[in-house]
Amino acid sequence: MDKYLSQLNEAQLAPTLQKDGPMIVIAGAGSGKTRVLTFRIAYLMSQGIDPFNILALTFTNKAAREMKSRIATIVGDSEAKNLWMGTFHSIFAKILRFEADKLGYPSNFTIYDTQDSQRLISAIIKEMGLDKEVYKYKQIYSRISSYKNSLITVKAYFQNPELIEADTMARRPRLGDIYKEYVDRCFKAGAMDFDDLLLKTNELLTRFPEVLAKYQNRFKYILVDEYQDTNHSQYLIVRALSDKFQNICVVGDDAQSIYAFRGANINNILNFQRDYDDVKVFRLEQNYRSTKTIVNAANSIIDKNQTKLDKVVWTANEEGAKIKVHRSINDGDEGRYVASSIFENKMQNQLQNSDFAVLYRTNAQSRAIEDALRKRDIPYRIFGGLSFYQRKEIKDVLAYLRLVINPADEEALKRIINFPARGIGQTTIDRLIVAANGYNRSIFEVLKNLDKVEVNINSGTKNKLQNFVTLIESFQVMNQTANVFELTDHVTKASGLIREFKKDGTPEGVTRMENIEELLNGMKDFVDGQIEVADATGSLAEYLEDVALATDLDNDKGDDNKVALMTIHLAKGLEFSYVYIVGLEEDLFPSAMSMNTRSELEEERRLFYVALTRAEKQAYLTYALTRYRWGKLIDAEPSRFIEEIDDQYLDIVTPPEERRFNPMLDPDIFGDVPQNKIRFKPPKSRDTRKKGAPKTKPEGIKITPPKHLKKVSNTNGNTNLFDSKLTVGNVVEHLRFGKGKIIKIEGKGADMKAEINFENGGSKKLLLRFAKLKII
Ligand code: ATP
Ligand code: MG
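Residues numbered from 1 in each chain as written. Chains lettered and ligands numbered in written order. Predicted model: local features only at pLDDT ≥ 70, side-chain atom pairs only at ≥ 80, totals over all residues.

By the naming in an unreviewed UniProt entry, the chain goes by DNA 3'-5' helicase and is assigned to Pontimicrobium aquaticum. What the UniProt record of the chain gives under Sequence similarities (unreviewed entry) is the line "Belongs to the helicase family. UvrD subfamily." (UniProt positions renumbered as here; feature names shortened; annotations may be inferred.)

Given below as structure tokens:
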């Protein structure tokens with residue numbers, strides 16, 4: 001162990017060796033917080049603490065796996081296997097499985113993923129005859145989700161006139177009814193959604209003191225990474241479990257709290273000292289990840305936030321290159337720049353693709369980057385898209401398996417009762433739902449008792465339904481003896497799924513078949529003993545739980561040499577040699593949705609801090625002058641965050657050759673204002689605007705273009721967007737049209753255009769931001 005402890009500096013050693021009592025490590029990015037957690041667990045085990053008594057909660061399952069394998073190298077594989085390590089959701093899903101009956105759930109309850117939940121909500125809205133334009137299912141889902149994460153149950157909702165009023169004011173007076181129906185339907189289907197995994201854990205720990213005592217005794221040592229992003233529900237769980245022994249160690253960085261929009265509460269970190277007695281507070285100041293330039297630039301950004309704890313971050317690493325800022329004409333141009341820069345860096349510095357990451361604010365931005373990387377033959381991988389297990393064909397297979405385990409699962413049943421087609425129409429399904437609701441039974445129970453229940457379905461259809469029941473029941477029988485792999489292999493054939501996908505000879509159809517094959521391969525691995533968490537036995541129920549909680553980050557084995565593309569939210573805790581942060585434009589980053597209050601803007605700034613601090617060697621910031629958003633080409637303004645970085649760390653580049661080759665710069669094409677050019681206005685979001693929040697932009701938010709842009713060196717000395725001192729009467733020179741006199745100027749800012757009488761070409765109207773004019 002001593003050999004390993006020498007890999008920590010003194011400040012890191014202190015919290016690592018602090019065995020007992022409540023403690024918090026507050027420190028900036030890259031200072032070794034996660035490293036301390038990892039070594040601390042190894043240290044506890046070396047001190048004789050049983051791994052069964054240690055619970056470590058991480059931000060992703062992948063992070064848990066990596067920590068575990070690191071610990072295994074220190075204390076040995078077999079011991080490390082017994083650690084309870086994972087995300088809140090995966091750990092508490094396991095616990096709920098043991099205790100489900102206490103809450104009235106079957107132990108084989110289904111976990112509804114976001115798509116299942118949203119489908120159910122959408123169905124409920126339809127059944128209630130509500131206007132789906134007013135009751136948008138995604139919004140309703142996130143509203144219900146935030147209630148659950150604040151522990152506002154249906155009962156609590158109806159007892160709270162303020163909440164009811166708020167929803168009524170938002171023109172959604174039936175929200176409570178939808179919430180109630182949704183909760184009832186999930187319960188009847190034996191299903192928990194993601195938020196239930198936390199909510200029901202809280203319920204379990206409050207309602208059953210003996211259960212609480214059991215887990216308090218079990219988890220004598222609790223550790224939490226990324227504590228700044230815990231929500232209220234998670235906070236209460238940690239608080240309850242650690243209450244007896246108070247051996248709780250949390251690490252976090254208030255400057256990296258980026259999930260407030262999903263209910264994370266930065267106060268959890270700020271109030272930690274109030275919650276426990278004799279809290280030891282540790283600070284780490286030395287960053288090991290990044291160059292001096294990156295560390296200092298990141299410090300200069302976060303300095304602008306008012307709400308923050310004072311922290312010092314410094315590094316002994318090299319100075320490093322300046323942060324490159326690149327301006328593009330549009331997103332395609334931006335993608336090309338990123339791709340060619342990655343290409344050059346790879347060549348010049350002998351780097352791997354996996355040394356690079358491209359980070360963006362919204363998933364939609366990945367397309368242009370992907371196109372450019374593909375053209376350059378640079379392999380990449382997108383994170384944060386659909387997880388493998390959420391693909392249509394995979395969900396179809398899984399739906400059969402879900403029904404095998406839990407026939408009450410309504411969403412699984414609706415998905416496959418007529419897929420592949422077996423002549424069961426939507427009207428039949430609707431009638432079955434009504435009957436099930438009427439009898440307060442699951443749809444499957446209604447199906448099993450078609451002779452006895454009152455439902456208007458003809459005998460031909462009844463036969464088909466009975467065949468479906470028999471099919472599922474035959475799978476259930478097989479499940480008693482076969483393993484997951486054998487069962488699924490059989491299910492895909494006997495259900496007709498394979499035939500259905502084979503029929504489809506398109507490339508998509510072929511991919512679907514390959515995915516199913518991949519699913520079966522993964523199952524084989526699972527059966528062969530890839531057991532992740534203590535007490536797992538490799539059953540179908542466990543398999544389904546694993547995949548329900550898998551994100552596509554979890555599929556990453558870390559061995560494929562590809563450029564990583566992901567949103568900044570996903571990049572938390574990760575590090576890459578070269579990081580490109582793209583789309584640094586006002587209304588995109590900071591997001592238009594997050595500029596209503598100072599605290600929202602500060603969260604965007606923390607997000608930028610997180611993005612920049614992922615970089616080890618070099619960071620690139622790019623922005624475009626125009627961008628398609630919601631199908632319209634809009635003018636974009638560079639992000640205020642670029643300006644907020646201290647100048648001395650920036651290197652502003654705009655390669656001349658790229659501009660020369662860009663057709664967008666050709667005034668023949670873009671000499672006039674495109675008709676569809678509409679200035680983008682941030683949508684007013686009813687949900688995000690807090691009561692009493694200022695309607696106008698709050699103080700301190702500038703709307704003038706960032707000052708550094710005036711410094712953008714123009715490679716040929718011509719005018720550009722930011723230099724519009726032109727007036728009527730000026731004689732100017734255009735690269736292609738030659739000399740001319742300005743006879744009229746109209747429009748403002750980026751839309752400013754000039755009518756020019758050219759000596760040898762008549763008059764032309766040019767958009768100044770694209771025209772290359774020189775005053776003579
Ligand atoms: P974040 O805030 O981004 O989650 P963190 O504080 O968790 O960062 P780590 O990821 O633990 O920081 O560490 C950052 C990097 O520095 C890692 O590559 C880690 O291995 C390295 N590192 C940390 N401490 C040391 C040390 N004492 N000696 C050498 N390398 C270290
Ligand atoms: Mg970390």
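Now, onward.
S.K.: Talk me through the domain arrangement of the chain; I want residue IDs and the actual numbers.
M.R.: Domain parsing of the chain yields domain 1 (1-103 + 198-284), domain 2 (110-189), domain 3 (314-385 + 558-652), domain 4 (388-549) and domain 5 (730-775). Here the C-alpha centre of domain 2 lies 32 Å away from the C-alpha centre of domain 1. Each side of the interface is counted separately: domain 1 has eight residues, and domain 2 has six residues. Looking at the side of domain 1 that touches domain 2, the elements with two or more residues in it are helix 12 (194-207) and helix 14 (232-241). Among the elements that take part in the side of domain 1 that touches domain 2, helix 12 stands out by supplying three residues, more than any other. Within the side of domain 1 that touches domain 2, the residues separate by chemical class into three nonpolar, five polar and no charged. (Domains from an automatic or database assignment. Contact = placed C-beta atoms within 7 Å. Helix = DSSP H or I, 4+ residues; strand = E, 2+ residues; numbered from the N terminus. Nonpolar A, V, L, I, M, F, W, Y, C, P; charged D, E, K, R; others polar.)

S.K.: Outline the site of ligand 1, listing residues and values.
M.R.: By nearness alone, 18 residues border ligand 1, and Gly32, Lys33, Thr34, Arg35 and Tyr288 come closest of all. No other element matches helix 3 (residues 33-46), which puts three residues into the shell around ligand 1. Taken together, the residues of the shell around ligand 1 break down into four nonpolar, nine polar and five charged. (Near = placed C-beta within 6 Å.)

S.K.: Pulling in residues and values, what's your account of the sheet that holds strand 22 (residues 753-758)?
M.R.: With antiparallel pairing, five strands are arranged side by side in an open sheet as 23-22-21-20-24. Each end of this open sheet is capped by a strand with a single partner; those strands are strand 23 (762-767) and strand 24 (773-775). Between one strand axis and the next, the sheet turns through 40° on average, direction left out of account. The pairing of strand 20 (residues 731-734) with strand 21 (residues 738-746) spans four bridges and is classified as antiparallel. When the bridges of strand 21 are listed, Glu733 appears paired with Lys739. (Pairing = 2+ DSSP bridges. Axes fitted to C-alpha atoms, helices over the stretch in contact; angles between N-to-C directions.)

S.K.: How would you sum up the UniProt feature "domain: UvrD-like helicase ATP-binding" (unreviewed entry) in the chain? Please name residues and give values.
M.R.: On the UniProt side, "domain: UvrD-like helicase ATP-binding" (unreviewed entry) is annotated at positions that read residues 6-291 here. Within the segment residues 6-291, helix and strand shares are 53% and 12% respectively, and the terminal C-alpha atoms sit 23 Å apart.

S.K.: Which residues make up the packing of helix 25 (residues 484-494) against helix 27 (residues 507-527), and what values do they have?
M.R.: At their nearest, the axes of helix 25 and helix 27 sit 8 Å apart, and the two run at 160° to each other. On the basis of the axis angle, helix 25 is roughly antiparallel to helix 27. Mapping the contact onto sequence places Val484, Phe485, Thr488, Asp489 and Thr492 in helix 25 and Ile516, Leu520, Met523, Lys524, Phe526 and Val527 in helix 27. Looking at the contact of helix 25 with helix 27 residue by residue, the class counts come to seven nonpolar, two polar and two charged. (Parallel < 35°, antiparallel > 145°, perpendicular 65-115°, else oblique.)

S.K.: Residue-level account of unusual backbone geometry, with values.
M.R.: With an omega of -5°, the peptide bond running from Phe419 to Pro420 counts as cis. Following the sequence through the fold, Pro420 ends up in the loop between helix 21 (410-416) and helix 22 (426-439). The omega torsion across Phe589 and Pro590 is 10°, close enough to zero to call that bond cis. Its place among the elements puts Pro590 in the loop between strand 15 (576-581) and helix 30 (598-612). The backbone of Leu151 shows a phi angle near 60°, a positive value even though the residue is not glycine. Looking at the element boundaries, Leu151 is found in the loop between helix 8 (137-149) and helix 9 (154-158). The class for Leu151 is partly exposed, based on 16 C-beta atoms found within 10 Å. Positive phi outside glycine occurs at Gln246, with the angle close to 55°. (Buried ≥ 20, exposed ≤ 12 C-beta atoms within 10 Å, placed from the backbone.)

S.K.: So, the sheet that holds strand 12 (residues 356-360): which residues are in play, and what are the values?
M.R.: Strands sit in the order 13-14-12-15-16-11-19 across an open sheet of seven strands; the sheet is parallel. The sheet terminates laterally at strand 13 (380-382) and strand 19 (650-653), the two strands that pair on one side only. When strand polarity is set aside, the average angle formed by the axes of neighbouring strands in this sheet is 20°. Of the strand pairs in this sheet, strand 11 (residues 323-328) and strand 16 (residues 615-624) are connected by five bridges, and their pairing is parallel. What sits directly across from Lys324, in strand 16, is Tyr620.

S.K.: Go over the pairing of strand 2 (residues 54-57), please, and point to the residues and values.
M.R.: Every second residue of strand 2 is oriented toward a common face, with Ile54 and Ala56 on one face and Leu55 and Leu57 on the other, all of them buried. Sheet topology note: the strand 2/strand 6 (residues 221-224) ladder contains four bridges and is parallel. Note that in strand 6 the partner of Leu55 across the bridge is Ile222. Of the strand pairs in this sheet, strand 2 and strand 3 (residues 84-86) are connected by three bridges, and their pairing is parallel. Within strand 3, the position partnered with Ala56 by the bridge is Met85.

S.K.: Explain the pairing of strand 22 to me, and be specific about the residues and the numbers.
M.R.: As paired strands, strand 21 and strand 22 are joined by six bridges and run antiparallel to one another. Looking at the pairing, Glu746 lines up with Lys753 of strand 22. Of the strand pairs in this sheet, strand 22 and strand 23 are connected by six bridges, and their pairing is antiparallel. Bridge pairing links Phe758 to Gly762 in strand 23.

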